[in-house]
Amino acid sequence: MRLAHTVIALALLLPGLASAHAFKLGERVPAVGVNDRGELLYQQDKFSYKSWNSAQLSGKVRVILHIAGRSSAKEQNAALIEAIKAAHLPHDRYQTTTIVNTDDAIPGTGMFVRSSIESNKQQYPWSQFIVDSNGNARQAWQLEKGGSAIVILDSSAHVRYAKEGALTQDEVQQAMTLIHELLKQ
C-alpha cells in the first residue's frame, strides 16, 4: 500500500519537475522589478536606463525572452527570434521584451554583453531590452541559471505560453501561430 502512495505522489510531482519555472497559464507573470540598470533606452544617439517592472507588460501582445548573459543562452531560441523578425509584426500591437540576466554572464564578459544589447536596441528600437544586473527576474520566475525562457503574453499580460529551454521547430511554429491568433483578438 505504501508503494502505491509513493508511485502516485511521484506521478503528481513529475510534471512539476519538468517545468520548474513559476509561470502559470492564464495568470500574470510573478511580479518583478529591475532597478539596477533596467530598461535600456536609446534616444538622440544616447543610451540610458530606467527602472522597469513586470506591471508594465500589459497593452500589447508580447514575447518575453529571458536569457542568461551568454551567447549559448541567446542561441537557444534564435529560431523563434528569426521567425518573429520575418513575420514583420505590427509594432503598435506587438513587442518583444528581452530580459538579459547579466548577473549570469561569463566573468569578464559583462561589457561585451551590454555592447551587444545596445547594438540590438539600435537595430530594433521598437523592441524592449531589460538589463537585469542582479538576476531579479530569474529569481522571481524560478528559472535555471545559464539558460533561456520564452513566455508569450496576451495584451492584458496574461501568460498564454511558457517554456524554459530551447524550442523545437514545431514549438516555434506553434508559438508563431499563437502570436498571430492573439493579434487578431
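Only a predicted model underlies this, so the values are computations on that prediction, with no experimental measurement involved.

Attention now goes to helix H4 (residues 110-123). With 14 residues, H4 extends 20 Å between its outermost C-alpha atoms, agreeing within 8% with the 20 Å of an ideal straight helix rising 1.5 Å per residue. Those residues of H4 lying buried are Gly110, Val113, Ile117, Asn120 and Lys121. For H4, the angular spread of buried residues about the axis comes to 100 degrees, placing them on one side. With respect to the buried face of H4, the exposed residues turned more than 90 degrees away are Met111 and Phe112. Where H4 is buried, its residues meet strand E1 (33-43), strand E2 (46-53), helix H2 (71-76), strand E4 (94-101) and strand E5 (128-132).

The element strand E6 (residues 148-153) is extensively covered by neighbouring structure, given that 6 of its 6 residues are classed as buried. Taken together, the 6 bridges between strand E3 (residues 61-68) and E6 define a ladder with antiparallel strand orientation. Note that in E6 the partner of Ile64 across the bridge is Val151. Summarising the sheet, E6 and strand E7 (residues 159-164) pair through 5 bridges and their orientation is antiparallel. Across the sheet, Ala149 pairs through a bridge with Glu164, a residue of E7. The hairpin formed by E6 and E7 contains 5 residues between the paired strands, and Ala157 there has a positive phi angle of roughly 70 degrees.

Glancing now at the pairing of E2. Of the pairings in the sheet, the one linking E1 to E2 comprises 7 bridges and is antiparallel in character. Within the sheet, the bridge partner assigned to Gly33 lies in E2 and is Asn53. Connecting the antiparallel pair E1 and E2 is a turn made up of 2 residues, with Gln44 showing a positive phi of about 55 degrees.

Let us now look at the sheet that holds E4. Judged by pairing direction, the sheet is mixed, and its 7 strands sit side by side in the order E2-E1-E5-E4-E3-E6-E7 without closing on themselves. Edge positions in the sheet fall to E2 and E7, since each has one partner strand and no second. Across the sheet, the mean angle separating the axes of adjacent strands is 20 degrees when strand polarity is ignored. Across 8 bridges, E3 lies against E4 in parallel orientation. Directly across from Ile64, in E4, lies its bridge partner Thr97. Relative to the sheet, helix H3 (residues 78-87) contacts E3, E4 and E6, its axis offset from that of E3 by approximately 150 degrees.

Two aromatic rings, taken as a pair, are described by how far apart their centres are and by the angle between their planes. Going through the model one piece at a time under the given rule, you end up with 3 aromatic pairs. Each ring, one from Tyr124 and one from Trp126, has its centre 5.9 Å from the other, and the planes form 80 degrees; the classification is edge-to-face. Residue Trp126 is classed as partly exposed on the basis of its relative accessible area, which comes to 39%. In this structure, Arg37 is placed above the aromatic ring of Tyr49, and the distance from its NZ or CZ to the ring centre is 5.3 Å.

Turning our attention to unusual backbone geometry. Of note in the backbone geometry, Arg37 takes a positive phi value of approximately 75 degrees without being a glycine. Note on placement: Arg37 falls in strand E1.

Under the criterion given, the structure shown has 4 salt bridges. One salt bridge in this structure joins Arg160 and Asp154, with 3.8 Å as the shortest N-O distance. Residue class for Arg160 comes out partly exposed when judged on its relative accessible area of 33%. Put simply, Lys163 and Glu171 hold a salt bridge, and the shortest N to O gap is 2.7 Å.

What counts, and at which threshold
Residues numbered from 1 in each chain as written. Predicted model: local features only at pLDDT ≥ 70, side-chain atom pairs only at ≥ 80, totals over all residues. Heavy atoms only, no water. Helix = DSSP H or I, 4+ residues; strand = E, 2+ residues; numbered from the N terminus. Expected span 1.5 Å × (residues − 1). Buried < 20%, exposed > 50% of the residue type's maximum accessible area, 1.4 Å probe, protein only. Arc of directions from axis to C-beta. Contact = heavy atoms within 4.5 Å. Pairing = 2+ DSSP bridges. Axes fitted to C-alpha atoms, helices over the stretch in contact; angles between N-to-C directions. Phe/Tyr/Trp six-rings, centres within 6.5 Å; stacked < 30°, edge-to-face > 60°. Lys NZ or Arg CZ within 6 Å of the ring centre and 35° of its normal. Salt bridge = Lys/Arg side-chain N within 4 Å of Asp/Glu carboxyl O.

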